[in-house]
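What the coordinates show
These are the residues of each chain, in order.
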Amino acid sequence: MSDRIFGGIGLMLAALYAFAATTIPDSFMSDAVGPRAFPYGIATVMALSSLWFLFKPDPEPEWPRMGRLAEIGLAALVMLAYAQLLPVLGFVIATAFASAYLTWRLGSTLLQSAIIGVSTALGIYVIFHLVLGLSLARGPLGF
């Protein structure tokens, strides 16, 4: 039953996502595909995946224990905090903290997580900002 509830919620979210995509305005410089193609594609994949859960549910789904559910919820809160703090702290600092926390929760030691977090943030910064020239949130340090 829980798979069907999950599938129904996913189907409603897909419909809401597709509806939200209809509000994206056309630009005078848009290409033949237009700005709505990607959101429509995501909504389609989400709807098809949700239909799978509705019509082919697992007979006996195994739900994680409460401790594991709390960790999943905390990881989701970390990602929400990351999105909120990105403009304030900047890309490098926010990404370093978020990736360090997530790798720590996946089993790395604190030192390994700190190294991985900083390396990930700096690596992505170099690739996206310095190599590709994309704009990233600057933050208080100016990079």
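Description of the structure in this document. In this text, all values refer to a predicted model and were calculated from it rather than measured experimentally.

Cut-offs and rules
Residues numbered from 1 in each chain as written. Predicted model: local features only at pLDDT ≥ 70, side-chain atom pairs only at ≥ 80, totals over all residues. Heavy atoms only, no water. Axes fitted to C-alpha atoms, helices over the stretch in contact; angles between N-to-C directions. Helix = DSSP H or I, 4+ residues; strand = E, 2+ residues; numbered from the N terminus. Parallel < 35°, antiparallel > 145°, perpendicular 65-115°, else oblique. Contact = heavy atoms within 4.5 Å. Nonpolar A, V, L, I, M, F, W, Y, C, P; charged D, E, K, R; others polar. Expected span 1.5 Å × (residues − 1). Bend = angle between axes of the 7 residues up to and from the residue. Phe/Tyr/Trp six-rings, centres within 6.5 Å; stacked < 30°, edge-to-face > 60°. Buried < 20%, exposed > 50% of the residue type's maximum accessible area, 1.4 Å probe, protein only. Lys NZ or Arg CZ within 6 Å of the ring centre and 35° of its normal.

**With respect to the packing of helix α3 (residues 66-89) against helix α4 (residues 91-105)**
Two elements in contact, α3 and α4, have axes separated by 8 Å at closest approach and are oriented at 170 degrees. In terms of axis orientation, α3 runs roughly antiparallel to α4. Contact with α3, carried on its side by Glu-71, Leu-74, Ala-75, Val-78, Met-79, Tyr-82, Leu-85, Leu-86 and Leu-89, involves Phe-91, Ile-93, Ala-94, Thr-95, Ala-98, Tyr-101, Leu-102 and Arg-105 of α4 and no other residues of that element. Each residue belonging to the contact of α3 with α4 can be placed in one class, and the counts come to 14 nonpolar, 1 polar and 2 charged.

**Topic: α3**
Taking 1.5 Å per residue as the helical rise, α3 with its 24 residues ought to reach 34 Å, and the 32 Å between its terminal C-alpha atoms agrees with that figure. Taken as a whole, α3 carries its principal kink of about 35 degrees at Ala-83; the proline Pro-87 stands between one and four residues after it. Phi turns positive, to about 95 degrees, at Gly-90, one or two residues after α3.

**Some details on the packing of aromatic side chains**
Taken as a whole and assessed by the stated rule, the structure comprises 2 aromatic pairs. Between Phe-6 and Phe-53, the ring centres sit 5.0 Å apart and the planes meet at 90 degrees, which makes this aromatic pair edge-to-face. Residue Phe-6 is located in helix α1 (residues 2-22), and its partner Phe-53 is located in helix α2 (residues 37-55); the two are separated by 47 residues in the primary sequence. Under the relative-accessibility criterion, Phe-53 is labelled partly exposed at 30%. Arg-105 extends its terminal NZ or CZ atom over the ring of Trp-104, reaching a point 4.7 Å from the ring centre.

**Section: α4**
End to end, α4 covers 21 Å across 15 residues, agreeing with the expected 21 Å (1.5 Å per residue, within 8%). All buried positions along α4 are accounted for by Phe-91, Val-92, Ala-94, Thr-95, Ala-96, Ala-98, Ser-99, Ala-100, Tyr-101 and Thr-103. Contacts from the buried residues of α4 go to α3 and α5 (110-131). Positive backbone phi, approximately 120 degrees, marks Gly-107, located one or two places after α4.

Worth remembering: the numbers are spatial, not functional.
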